[in-house]
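Notes for the structure review
In case you want the letters, here they are:
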Amino acid sequence: MPDLSYGEAVNAALHRLMEELPETLVYGEDVALPGGVFGVTRGLRKRYGDRVFDTPISESAILGSAVGAAMFGCRPIVEIMWADFSLVALDQIVNQAANVRYVSGGRLRAPLTIRTQQGNAPGACAQHSQCLEALFLHVPGLRVCMPSTPQDAYDLLVTAVHADDPVLVVENRTLYFGPKEPVTTDGPVRPMGGARTRRTGSDVTLVTWGAMTYRVLAAAEALARDGVEAEVLETPWLNPFDTEAVIESARRTRRLAVVHEANVTGGFGAEVVARVAGAGVALAAPPIRIGAPDVRMPAAPVLAQALVPDAARITLEVKRLTAGGEAR
């Protein structure tokens, strides 16, 4: 069980997949000889040769070729440097990859994995900071996951590539070079879906995913010092989403807050709240969504930091929720 950082875990998963699935290809901008802009694909080209290659700066060509390759026997793993750039290839993802199984009457499939990363980092500005998971979750036929730990970064990628449908694996560059943790690299392929209780509590349920998990956990510890016991439920898979786990937790705590880095309007937090409401869960207070405001991300790091929810803001808003509307 090696100690790996998040980025190293992704690299280890890619090595495993290239070894056990000979039909696997890895390609994208600067993923071969340079080893990826974040170093995640280092060593792959040297070991696996032409199965790992660099492409022109054309996301539509990357995704279009990947859909065709997936339909006819390959298992492409393509990298889109920033999730923002996936919008250039929206037709290939939404109209083509997601539709293959349906429009062919089940005769064809598209076992395609799209690796990308999103979220704010200092100086990233408006065209490199968007959190777009809700956009892709609206599309039937696409699977979406957002790992937060090195173990999940490894496991979810292995699961995605073994799947016979297109999967979007959304990583986060602020996690790539984080602390190392023991990672099991020889386990079985895990099924899709499932939530994880990262902290138990009885006063409020906090649902989150991706890099925000760590800020939510920090907020939960701060809340506990003030007598509020928060249950933290992380959902690495957003499609399929573990609705039942969220409903069961909300029924017990009777309060719900959904926290994500994406801006609030149209974010997936609204869908989570709607599912809990649709299940008739009797909450003691209206549920809340905590996310970025509906503005573009500024280039200045100090301004960007003020927009993305941090542990202090999460703590304050959850205090208001548990205190009936006023922070305590």
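These notes cover the structure that comes with them. In this text the structure is predicted, and so the values were computed from the model without any measurement. (Residues numbered from 1 in each chain as written. Predicted model: local features only at pLDDT ≥ 70, side-chain atom pairs only at ≥ 80, totals over all residues. Heavy atoms only, no water.)

1. Quick word on the packing of aromatic side chains
For the coordinates displayed, the defined rule picks out 8 aromatic pairs. Between the aromatic rings of Phe241 and Phe268, the centroid separation amounts to 5.3 Å while the plane-to-plane angle is 80°, which identifies the pairing as edge-to-face. Taken together, the positions of Phe241 in the loop between strand 12 (237-239) and helix 9 (243-253) and Phe268 in helix 10 (residues 268-278) put the pair 27 residues apart, joining distant regions of the chain. Of the two residues examined, Phe241 and Phe268, each falls in the buried class. (Phe/Tyr/Trp six-rings, centres within 6.5 Å; stacked < 30°, edge-to-face > 60°. Helix = DSSP H or I, 4+ residues; strand = E, 2+ residues; numbered from the N terminus. Buried < 20%, exposed > 50% of the residue type's maximum accessible area, 1.4 Å probe, protein only.)

2. Let's talk about unusual backbone geometry
For the bond from Asn239 to Pro240, the omega torsion is 5°, close enough to zero to count as cis. The residue Pro240 is located in the loop between strand 12 and helix 9 in this model. With a phi close to 65°, Asp30 is a non-glycine residue in the positive phi region. Among the secondary structure elements, Asp30 is positioned in the loop between strand 2 (24-28) and helix 2 (44-48). Assessed through its relative accessible area of 37%, Asp30 is described here as partly exposed. A positive phi angle, near 65°, is found at Cys125, a position not held by glycine. Within the secondary structure layout, Cys125 lies in the loop between strand 5 (113-117) and helix 6 (133-137). The partly exposed category is assigned to Cys125, whose relative accessible area is 25%.

3. A word on the pairing of strand 13 (residues 256-263)
Of all 8 residues that make up strand 13, 7 are buried, and the element is covered over most of its length. With 4 bridges connecting them, strand 10 (residues 204-208) and strand 13 associate as parallel partners. Paired with Thr208 across the strands is Val259, a residue of strand 13. By the bridge criterion, 4 bridges tie strand 13 to strand 14 (residues 288-292) in an arrangement that is parallel. Paired with Val259 across the two strands is Ile290, which belongs to strand 14. Taken together, strand 13, helix 10 and strand 14 form a β-α-β motif whose crossover is right-handed. (Pairing = 2+ DSSP bridges. Right-handed = clockwise from strand over helix to strand, strands pointing away.)

4. Remarks on the environment of Val302
Note on placement: Val302 falls in helix 11 (residues 301-307). Along the backbone, Val302 and Leu25 are 277 residues apart, and their C-alpha atoms lie at a distance of 40 Å.

5. A short note on the packing of helix 1 (residues 6-20) against helix 7 (residues 150-162)
It is the contact of helix 1 with helix 7, at a shortest axis distance of 8 Å, that shows an interaxial angle of 30°. By the criterion of interaxial angle, the relationship of helix 1 to helix 7 is roughly parallel. Crossing of helix 1 against helix 7: the hand is right-handed. Along the contact surface, helix 1 presents Tyr6, Ala9, Val10, Ala12, Ala13, Leu14, Arg16, Leu17 and Glu20, while helix 7 presents Pro150, Ala153, Tyr154, Leu157, Val158, Val161 and His162. (Axes fitted to C-alpha atoms, helices over the stretch in contact; angles between N-to-C directions. Parallel < 35°, antiparallel > 145°, perpendicular 65-115°, else oblique. Left-handed = near helix turned anticlockwise from the far one by under 90°. Contact = heavy atoms within 4.5 Å.)

6. Notes on the pattern of salt bridges
Per the counting criterion, the structure on display carries 22 salt bridges. Its salt-bridge partner being Lys180, residue Glu8 comes within 3.4 Å of it at the nearest N-O pair. Note that Glu8 is positioned in helix 1 and Lys180 in the loop between strand 7 (167-171) and strand 8 (181-182), a separation of 172 residues in sequence. Its relative accessible area of 32% is what places Glu8 among the partly exposed residues. A salt bridge links Arg75 to Asp164, with the nearest nitrogen and oxygen atoms 3.0 Å apart. Of the two residues, Arg75 is situated in strand 4 (residues 75-80) and Asp164 in the loop between helix 7 and strand 7; the sequence distance between them amounts to 89 residues. Residue Arg75 is classed as buried on the basis of its relative accessible area, which comes to 9%. Because the salt bridges share partners, they merge into one network encompassing Asp152, Asp155, Arg190, Arg196, Arg198 and Glu234. (Salt bridge = Lys/Arg side-chain N within 4 Å of Asp/Glu carboxyl O.)

7. Some thoughts on the sheet that holds strand 2
Across the sheet, 7 strands lie side by side as 3-2-4-5-7-6-12; this open sheet has mixed pairing. The open sheet terminates on both sides in strands that have one partner only, identified here as strand 3 (52-54) and strand 12. Averaged over all pairs of adjacent strands, the angle between their axes in this sheet comes to 20°, without regard to strand direction. Direction of pairing for strand 6 (residues 143-145) relative to strand 7: parallel, over a ladder of 3 bridges. The residue of strand 7 that forms the bridge with Val144 is Leu168.

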